[in-house]
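Examination of the molecular architecture
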Amino acid sequence: MNPDDDEGHGRSGVSRRGFLGGSVAAAAAPLLVTAVDATPAEAAEGDGLVAVRARINGRTVTTRVDPRATLLDTLRERLELCGTKKGCDRGQCGACTVHVDGRRVLSCLTLAVTANGAEVTTIEGLADGDELHPMQQAFIDHDGLQCGFCTPGQIMSAVAMVHEGHAGSGEEIRERMSGNICRCSAYPFIVDAIRDAQKVMGR
Amino acid sequence: MKPYDYTQVRSVRQAIRHAGEGTAYLAGGTTLVDLMKLDVMTPARVVDINRLPLRGITFDRDGLHVGALERMSDVAADRTVRRHYPMIAEALELSASAQLRNMASIGGNLLQRTRCGYFRDVATACNKREPGSGCSALTGVNRIHAILGTSDACVATHASDLAVALVALGTDVHVASARGTRTVPLDTFYTLPGTTPHVENVLRPGELITGISVPSSKWAAHSTYLKIRDRQSYEFALASAAVALELHRGTIKQARVAVGGVGTKPWRLTTVERALAGRPATAETFESAVGNAADGARPLAHNAFKPALLRRTLIRALTVLQERR
Ligand SMILES: Cc1cc2nc3c(=O)[nH]c(=O)nc-3n(C[C@H](O)[C@H](O)[C@H](O)COP(=O)(O)OP(=O)(O)OC[C@H]3O[C@@H](n4cnc5c(N)ncnc54)[C@H](O)[C@@H]3O)c2cc1C
Ligand code: SF4
Ligand code: FES
Ligand code: FES
């Protein structure tokens, strides 16, 4: 904790140091689940790493990261969540799209430290057990993919767009999905899939 | 990426205390993280300002006030903004992608760096990135570069769409530093490249943008933003126009005009504004008023199309607006 901190710190009263052990507190779900807004990532410790705790796909995860690490690399390399893809790593393709606090964002331009206290959902967290999310099912039903590399990003983006209330027409879908590039150009089927899933999601 | 110290701050006072030469504030990170990965920006310290209370979109008699940390998507979706300042919402929605707009802040947007490919490539000479090293774009590939406000040292455009709309509307930027607070008109906030293209605005090291104010006016509600680009979405402007008209029985009482994609800063066109004022809102008026829009332009080898594109973009924006009435 920074000694200069003069406002609003330490709301949870939970010691950060108690959670620095493992890189993934995988089974810690009942523990501190509600304390997502806990001790903030404030500054690096002596070894230059910063502690981060976030809820990822419904599980509380605590890890220590280099302040330079992106959320994308942290998910893929540290937390073994490789469903989120790295296309350009420059904010130009959308393959790395995840939800942070319910909003679709690019994990390649998000520093992992800034996800402290956040709720993160990746493609791995979308299905309900064995039952696919309607958007996943619709992509399969409509052949909304060829190689599939862009697909996790497309699906995460599409789910958020439907929640944003901006999937009204094919034209609107194309505009609001323009941040997700598909090299295989599966666009027409992607639009069909979204239109279909939207009906199911709206129910 | 070069190593840096990361600090998260909770108050403006604390932010200012931590900042100075070699410091970068982190908002949405969509410019900063991108450029740090490329080693184009190499701050020794990154100060995360995302928990500062620089939020809020409010509207009163003086106009619209937006906190520096409001996100592009939230400002674009705001009902007051859409109703009273449509060109702001349009400029935002034509920017970047839905994901980037969810991340990017208003303060960060105004301070985004140019998309000149040489600026982003540390293997090439660039006066903006490395003062005195030369300008690769002058003799290189310069199709997307500026024609207005350029110098022999730099011909890069300012890439923000929002800033073009805000300059047209006469926006003020509020900043804070250890010396106190001050307010700067956005138009004079940006500086021309001249011989010092690495200096892009009047912010002093460590100075923090806290918010913007857009005055209320008789023309802001009747405004539009038109963006012309190489693909229909998720692309920067080759030319863009922010236009606002106050009309009275088919006559233009006042006009506000600024253009993007063509200038080294968001480019207000007061000559076009004057040429429109007092004239009937007709195709002939638009055609003649934009005649001098590209005066003083210095086209480069690959962007000689821009003066004509600029004039036609303006005419189309004015026509769209006229037909909307
Ligand atoms: C692929 C891509 C496409 C894009 N397309 C467009 C487009 O079409 N149109 C467009 O206008 N923009 C576009 N952008 C740019 C985008 O809008 C900007 O990157 C974004 O607005 C920057 O905001 P941010 O909050 O992420 O800033 P950051 O990256 O967090 O910060 C940017 C700079 O501002 C400084 N800073 C941030 N906030 C403050 C503050 N309050 N006070 C002082 N300094 C501050 C930072 O230190 C940094 O130097 C695009 C970006 C990408 C990656
Ligand atoms: S145009 Fe400006 S930013 Fe681009 S290479 Fe020349 S000096 Fe650098
Ligand atoms: S990998 Fe993030 S946008 Fe391409
Ligand atoms: S399915 Fe191959 S990139 Fe989209």
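None of the values given here were measured: they were computed from a predicted structure. (Residues numbered from 1 in each chain as written. Chains lettered and ligands numbered in written order. Predicted model: local features only at pLDDT ≥ 70, side-chain atom pairs only at ≥ 80, totals over all residues. Heavy atoms only, no water.)

If you tally the helices and strands in chain A, you get five helices and five strands. Taking all 203 residues of chain A together, the buried fraction comes to 49%. Once local pairs closer than 6 in sequence are excluded, the contacts in chain A between residues at least 24 apart make up 60%. Here chain A has roughly 9,100 Å² of accessible surface; of this, 50% comes from carbon and sulfur atoms. (Helix = DSSP H or I, 4+ residues; strand = E, 2+ residues; numbered from the N terminus. Buried < 20%, exposed > 50% of the residue type's maximum accessible area, 1.4 Å probe, protein only. Contact = heavy atoms within 4.5 Å. Areas by Shrake-Rupley, 256 points an atom, 1.4 Å probe, with all protein chains shown as cover.)

The subject of this paragraph is the overall build of chain B. For chain B, the helix and strand inventory stands at 13 helices and twelve strands. Taken against the 2.2 N^0.38 rule, which gives 20 Å for 325 residues, the C-alpha radius of gyration of chain B at 19 Å falls within 12% of a compact globule. Referenced to the eigenvectors of the C-alpha coordinate spread, the extents of chain B come out at roughly 60 × 50 × 35 Å. The 325 residues of chain B split such that 59% are buried. Considering only contacts within chain B whose residues lie at least 6 apart along the sequence, 64% involve residues at least 24 apart. Of the roughly 12,900 Å² of accessible surface on chain B, a fraction of 50% belongs to carbon and sulfur atoms. Measuring between centres, the 41 positive side-chain charges of chain B sit 2 Å from its 28 negative side-chain charges. (Rg over C-alpha atoms; globule rule 2.2 N^0.38 Å. Lys, Arg positive; Asp, Glu negative; His and termini not counted. Charge placed at Lys NZ, Arg CZ, Asp CG, Glu CD.)

Across the boundary between the two partners, chain B contributes 40 residues, which contact 43 residues of chain A. Buried surface at the junction of chain B and chain A, both sides included, amounts to about 3,400 Å², of which 44% is carbon and sulfur. Of all residues in chain B, the largest losses of buried area upon contact with chain A belong to Tyr 6, Arg 10 and Gln 99 of chain B, amounting jointly to 21% of the total for that side. In this structure, the connection of chain B to chain A is made through three salt bridges. Its salt-bridge partner being Arg 103 of chain A, residue Asp 74 of chain B comes within 3.2 Å of it at the nearest N-O pair. Mapped by element, the contributors of at least two residues to the side of chain B that touches chain A are strand 1 (5-8), helix 1 (12-18), helix 2 (32-37), helix 3 (72-77) and helix 6 (98-103) of chain B. For the side of chain B that touches chain A, the element with the most residues is helix 6 of chain B, which contributes six residues. Here the side of chain B that touches chain A is composed, by residue class, of eleven nonpolar, 14 polar and 15 charged. (Buried area = accessible area lost by both parts, 1.4 Å probe. Salt bridge = Lys/Arg side-chain N within 4 Å of Asp/Glu carboxyl O. Nonpolar A, V, L, I, M, F, W, Y, C, P; charged D, E, K, R; others polar.)

Residues and elements named next belong to chain B. Going through the model one piece at a time under the given rule, you end up with seven cavities of 30 Å³ or more. Of the pockets and cavities examined, the largest cavity occupies roughly 130 Å³. In terms of lining residues, the largest cavity is bounded by 18 residues, among which Lys 128, His 158, Thr 191, Glu 200 and Thr 264 are the most central. A class-by-class count of the residues in the lining of the largest cavity yields eight nonpolar, six polar and four charged. (1 Å grid on protein atoms, 1.4 Å probe; cavity = no way out; pocket = protein on both sides within 12 Å on 5 of 7 lines; lining within 4 Å. Points joined across faces, edges and corners; volume = space filled by probe spheres on them.)

Residue and element names in this part refer to chain B. With 52 residues, the main nonpolar core has Ile 49 and Ile 88 as its most contacted residues. Take this core: its biggest share by element is seven residues, from helix 9 (residues 161-168). Leave out the neighbours within four places in its chain, and Ile 49 touches Val 9, Ala 15, Tyr 25, Leu 26, Ala 27, Leu 69 and Leu 208. (Core = buried A, V, L, I, M, F, W, Y, C linked by side-chain atoms within 4.5 Å.)

The next subject is the layout of surface pockets. Reported here for the second largest pocket is a volume of approximately 820 Å³. In terms of lining, the second largest pocket is formed by 29 residues, of which the most central are Glu 171, Arg 174 and Glu 175 of chain A together with Gln 232 and Ser 233 of chain B. Put simply, the parts of the chain that give the lining of the second largest pocket at least two residues each are helix 4 (170-176) and helix 5 (187-202) of chain A together with helix 5 (86-93) and strand 9 (223-228) of chain B. Split by residue class, the lining of the second largest pocket holds eleven nonpolar, six polar and twelve charged.

Time to look at the sheet that holds strand 8 (residues 208-215) of chain B. Residues and elements named next belong to chain B. On the basis of which strands lie adjacent, the open sheet formed by five strands has the order 4-5-8-6-7 and antiparallel pairing. Because the sheet does not close on itself, it has two edges, and the strands there are strand 4 (57-60) and strand 7 (180-185). Taking each pair of neighbouring strands and ignoring which way they run, the sheet shows an average axis angle of 20°. (Pairing = 2+ DSSP bridges. Axes fitted to C-alpha atoms, helices over the stretch in contact; angles between N-to-C directions.)

Chain-level statistics for chain A give a pLDDT mean of 83 and a share of 77% at 70 or above. Segment residues 1-40 of chain A is flagged for pLDDT under 50; beyond a separation of four residues in sequence, or across chains, it makes 77 contacts in the model. (pLDDT = per-residue confidence, 0-100.)

This part covers the domain arrangement of chain A. Residues and elements named next belong to chain A. Considered domain by domain, chain A is made up of domain 1 (40-125) and domain 2 (134-201). Buried surface at the junction of domain 1 and domain 2, both sides included, amounts to about 1,200 Å², of which 60% is carbon and sulfur. Of all residues in domain 1, the largest losses of buried area upon contact with domain 2 belong to His 99, Arg 104 and Ile 123, amounting jointly to 51% of the total for that side. Seen at the junction of domain 1 and domain 2, the total is one salt bridge. The shortest N-O distance in the salt bridge between Arg 104 and Glu 164 comes to 2.8 Å. Between the two partners, domain 1 and domain 2, sit seven residue pairs in polar contact (both at pLDDT 80 or more). The class makeup of the residues in the side of domain 1 that touches domain 2 is three nonpolar, eight polar and three charged. (Domains from an automatic or database assignment. Polar contact = N/O pair within 3.5 Å; in protein donor to acceptor, adjacent residues only side chain to side chain.)

As a further point, take the pattern of salt bridges. Taken as a whole and assessed by the stated rule, the structure comprises 25 salt bridges over all chains. A salt bridge links Arg 55 of chain A to Glu 119 of chain A; the shortest N-O distance between them is 3.4 Å. Taken as a pair, Arg 55 of chain A in strand 1 (residues 50-56) and Glu 119 of chain A in strand 5 (residues 119-121) lie far apart in primary sequence, 64 residues in all. The residue Asp 34 of chain B makes a salt bridge to Arg 120 of chain B at a minimum N-O spacing of 3.0 Å. Of this pair, Asp 34 of chain B sits in helix 2 while Arg 120 of chain B sits in the loop between helix 7 (106-110) and helix 8 (136-139), placing them 86 residues apart in sequence.

This next bit is on the site of ligand 1. Among the 35 residues in the neighbourhood of ligand 1, the closest are listed as Tyr 25, Thr 30, Thr 31, Ser 105 and Asp 161 of chain B. Residues within reach of ligand 1 are spread across chains A and B. A distance of 2.8 Å separates an oxygen atom of ligand 1 from a polar atom in the backbone of Gly 28 of chain B. Within the complex, the protein chains bury 96% of what would otherwise be the 980 Å² of accessible surface of ligand 1. Listed by contribution, the elements that provide at least two residues to the shell around ligand 1 are strand 2 (23-26), helix 7 and strand 8 of chain B. The leading source of residues in the shell around ligand 1 is strand 2 of chain B, at three residues. (Near = heavy atom within 4 Å.)

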